[in-house]
Amino acid sequence: MKIATLLLALFAGLMFSSAAVYAQDDAPDAAPAHKAAGKKKSGKKKGKAEKAEKPGKGDASPMAKALKKVNFVTSKKADPKATHYIYLISASWCGPCNAEMPHVVEQYKEMSKCGVELILVSADNASSQATGFMKKYGANFPCAMGNPERHKLLGWEDRNGIPYAIIVDADGNKLTCGNAASVIGGWKQTTGKQ
């Protein structure tokens, strides 16, 4: 039984990887940052109130800009002011992903208090499967579907096998990646949030 589950997980990981390579060839190029930051005229008089409405430094980060383009399947969206982001590639049909999820949910409670955002990047075929998977474990972090949203995430890389995790900073620079249990287990050291 365990061998069959492992083989299924490996096969599914290869399928996700193959689909990722195919989708990567069709992925649209990201819009230049200067176009995304276009100015709008509000018709309001300039004054102290308008100055208070300007975005803070965290809102101007490359990740904050990229996250505006990501379609999340959960009502919770990724925090644009986080200092670090963890992408967890996972799926409801994956045995190791199910085994890892209770640990991830516990770790997220501390991460979110430290300015570290976790984004589940689902390898499921339907958003209902992804949200059902999260509900099963009481996960309250943002979730996006792997196809087509993953290429909108800065620092993303396609890999074989899941669960897999990537940690990036607010500029989208990849800090580490690998087996989800190892990466998430070492998030404090990687992000400097001791």
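Keep in mind the model is a prediction, meaning the values are calculated, not measured.

Undergrad: An account of the overall build of the chain is requested, with residue identities and associated values reported.
TA: When its secondary structure is counted, the chain shows 9 helices and 5 strands. Going from the N terminus to the C terminus, the chain shows its helices and strands as α-α-α-α-β-α-β-α-β-α-β-β-α-α. Across the 194 residues in the chain, those meeting the buried criterion constitute 39%. Restricting to contacts in the chain with at least 6 residues of sequence separation, those with at least 24 account for 67%.

Undergrad: Before we move on, can you summarise unusual backbone geometry with the specific residues and values?
TA: The step from N147 to P148 runs through a cis peptide bond, and the omega angle for that step is 5°. With respect to the helices and strands, P148 occurs in helix α7 (residues 146–149). That bond from I162 to P163 is cis: its omega, 0°, falls within 30 degrees of zero. Along the chain, P163 falls in the loop between α7 and β4 (164–169).

Undergrad: Let's hear about the sheet that holds strand β2 (residues 116–122): which residues, and what values?
TA: Strand order across the open sheet formed by 5 strands is β3-β2-β1-β4-β5, with mixed pairing between neighbours. A single partner strand is all that each edge strand has here, and the edge strands are β3 (143–145) and β5 (174–179). Strand-to-strand twist of the sheet, defined as the mean angle between neighbouring strand axes without regard to direction, takes the value 20°. The pairing of strand β1 (residues 84–90) with β4 spans 6 bridges and is classified as antiparallel. Within β4, the position partnered with H84 by the bridge is D169. On top of the sheet, helix α6 (residues 127–137) reaches β1, β2 and β3; it is set at about 155° to β3, its chief contact.

Undergrad: Which residues make up the pairing of β5, and what are the values?
TA: The sheet contact formed by β4 and β5 spans 5 bridges and is antiparallel. Among the inter-strand pairings, I166 is bridged to a residue of β5, identified as C177. Between β4 and β5, which pair antiparallel one after the other, the connecting turn spans 4 residues, and G172 there sits at a positive phi close to 85°.

Undergrad: Tell me about α6, and please be specific about residues and values.
TA: All of the buried residues along α6 are A130, F133 and M134. Around the axis of α6, the buried residues are gathered within 95° of arc, so they sit on the same side. Exposed residues pointing more than 90 degrees away from the buried face of α6 are listed as S128, K135 and K136. Here the buried face of α6 lies against β1, α5 (95–113), β2 and β3. Just beyond α6, the residue with positive phi is G138, at close to 70°.

Undergrad: Give me the lowdown on the side chain of E100, citing residues and values where you can.
TA: Relative to the elements of secondary structure, E100 occurs in helix α5. Although buried, E100 forms no salt bridge, and the nearest oppositely charged side chain, K136, lies 14 Å from it. Apart from residues lying up to four places away in sequence, E100 is in contact with A180 and A181.

Undergrad: Outline the packing of aromatic side chains, listing residues and values.
TA: Tallied over the entire structure, the rule returns 3 aromatic pairs. When the ring of Y108 is compared with that of F141, the centres are 5.2 Å apart and the planes differ by 70°; the resulting orientation is edge-to-face. With Y108 in helix α5 and F141 in the loop between α6 and β3, the pair connects residues that are 33 residues apart, well separated along the chain. The exposure class assigned to Y108 is buried, which follows from its relative accessible area of 3%. The exposure class assigned to F141 is buried, which follows from its relative accessible area of 1%.

So, how was this worked out
- Residues numbered from 1 in each chain as written.
- Predicted model: local features only at pLDDT ≥ 70, side-chain atom pairs only at ≥ 80, totals over all residues.
- Heavy atoms only, no water.
- Helix = DSSP H or I, 4+ residues; strand = E, 2+ residues; numbered from the N terminus.
- Buried < 20%, exposed > 50% of the residue type's maximum accessible area, 1.4 Å probe, protein only.
- Contact = heavy atoms within 4.5 Å.
- Pairing = 2+ DSSP bridges.
- Axes fitted to C-alpha atoms, helices over the stretch in contact; angles between N-to-C directions.
- Arc of directions from axis to C-beta.
- Lys, Arg positive; Asp, Glu negative; His and termini not counted.
- Salt bridge = Lys/Arg side-chain N within 4 Å of Asp/Glu carboxyl O.
- Phe/Tyr/Trp six-rings, centres within 6.5 Å; stacked < 30°, edge-to-face > 60°.

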